[in-house]
Amino acid sequence: MSLTRRLALLAAASLACLSAFAQGDALRTGVDATFAPHAMTRLDGGLQGFNIDLGEELARRLGRRITIEGTEFSGLVPGLNAKKYDFILAPVTVTPERAKAMLFTEGYLDTDYTFVTKKGVAVTALEELKGKTIAVNKGSAYENWARDNMARYGFKYDVYGTNADAVQAVQSGRADANLAGSTVAAWAAKQNPAVQTSYTIKTGLVWALAFRLDDKAGRDAAGNALKCMKADGTLARIATKWFGVTPPPDATAVKVGVGQGVPGLEGYDPNAARPACKS
């Protein structure tokens, strides 16, 4: 093979390894389109939700087009690693295990647990759960929490096939409270005037955008855009639109992180320069 041919193949291979964020290509990503209010189908077949607005605003700030595919959550990480997707737009909880397999931006939302109760009935402390019945979605992290804490706080719990069914159990009086993710709980209360959000369990965990380990350029570009969305209040406005609650000043949706990634986990870069933001 001639030197010219070898150089051409090397250049092509290098270009293929470049992030779509660096090349200016349309961004390709995916969401679980059944996870309201983060992603759900519209009547016309399109997608809507918090993460859809997040992805479209991210692409706009980067001067890119974006293609968002609705799929099962279980297919997102394999799709990312197979380079079907440039990043994962669906909510992904950042954990030490996941940080070894993917690069993350800083968090864009806190992923806490919140109780949903009947309107006018509040849970103000976990000790108040004694003798109560908690409704949870089967197989969820909230079922795990209920199982691990039922003896400590003296409650019992029932499982339901969907979180909507668990909320209905509260409304009908079959359960005293539903435990779900804070954003899902806020959406349920926003859609149903018969219930309200109540006590929140702080987990210290966040949702962030996930990238392949070899795509630091893409992670950093998206991370900078995310910082600017926080700084000018865009991210907080999107959260208020979908969750019906304005994020407080100490919320992850508001606080601009230092560096790129999640502090204390693999892939975090504390020395990354702060972006020059444009609206």
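Everything discussed here concerns the structure shown above.
Presented here is a report on the structure given in the accompanying data block. In this text, all values refer to a predicted model and were calculated from it rather than measured experimentally. (Residues numbered from 1 in each chain as written. Predicted model: local features only at pLDDT ≥ 70, side-chain atom pairs only at ≥ 80, totals over all residues. Heavy atoms only, no water.)

**Here we look at the state of the cysteines**
Then, in step 1: Under the counting rule described, the total for this entry stands at one disulfide.
Then, in step 2: Note that Cys228 is cross-linked by a disulfide to Cys277, the S-S spacing being 2.0 Å. Of note, the bridge from Cys228 to Cys277 carries an S-S torsion of about -85° and is left-handed in sense. Linking Cys228 in helix 9 (residues 216–231) with Cys277 in the segment after helix 10 (234–243), this pair joins segments that are 49 residues apart in sequence. (Disulfide = S-S within 2.5 Å. Helix = DSSP H or I, 4+ residues; strand = E, 2+ residues; numbered from the N terminus.)

**As for the environment of Phe50**
Then, in step 1: Positionally, Phe50 belongs in helix 3 (residues 50–62).
Then, in step 2: Sequence separation between Phe50 and Glu72 is 22 residues; the distance between their C-alpha atoms is 17 Å.
Then, in step 3: Aside from chain neighbours lying at most four places away, what touches Phe50 is Pro37, His38, Tyr108, Leu109, Leu235, Ile238, Ala239, Trp242 and Phe243. (Contact = heavy atoms within 4.5 Å.)

**Some points on the pattern of salt bridges**
Then, in step 1: Counted under the stated rule, the structure contains 15 salt bridges.
Then, in step 2: Across the pair Asp232 and Arg61 runs a salt bridge, and its minimum N-O distance is 2.8 Å. Of the two residues, Asp232 is situated in the loop between helix 9 and helix 10 and Arg61 in helix 3; the sequence distance between them amounts to 171 residues.
Then, in step 3: Look at Arg61 and you get buried, because its relative accessible area is 19%.
Then, in step 4: One salt bridge in this structure joins Asp220 and Arg219, with 2.7 Å as the shortest N-O distance.
Then, in step 5: Through salt bridges with shared partners, one network takes in Glu57, Arg60, Arg61 and Asp232. (Salt bridge = Lys/Arg side-chain N within 4 Å of Asp/Glu carboxyl O. Buried < 20%, exposed > 50% of the residue type's maximum accessible area, 1.4 Å probe, protein only.)

**Points about the environment of Pro270**
Then, in step 1: For Pro270, the position within the fold is in the segment after helix 10.
Then, in step 2: On the basis of relative accessibility, which here comes to 44%, the residue Pro270 falls in the partly exposed class.
Then, in step 3: Along the chain, Pro270 and Val258 lie 12 residues apart, while their C-alpha atoms are 6.4 Å from each other.
Then, in step 4: Once residues lying within four places of it in the same chain are set aside, the contact partners of Pro270 are Val258 and Gly259.

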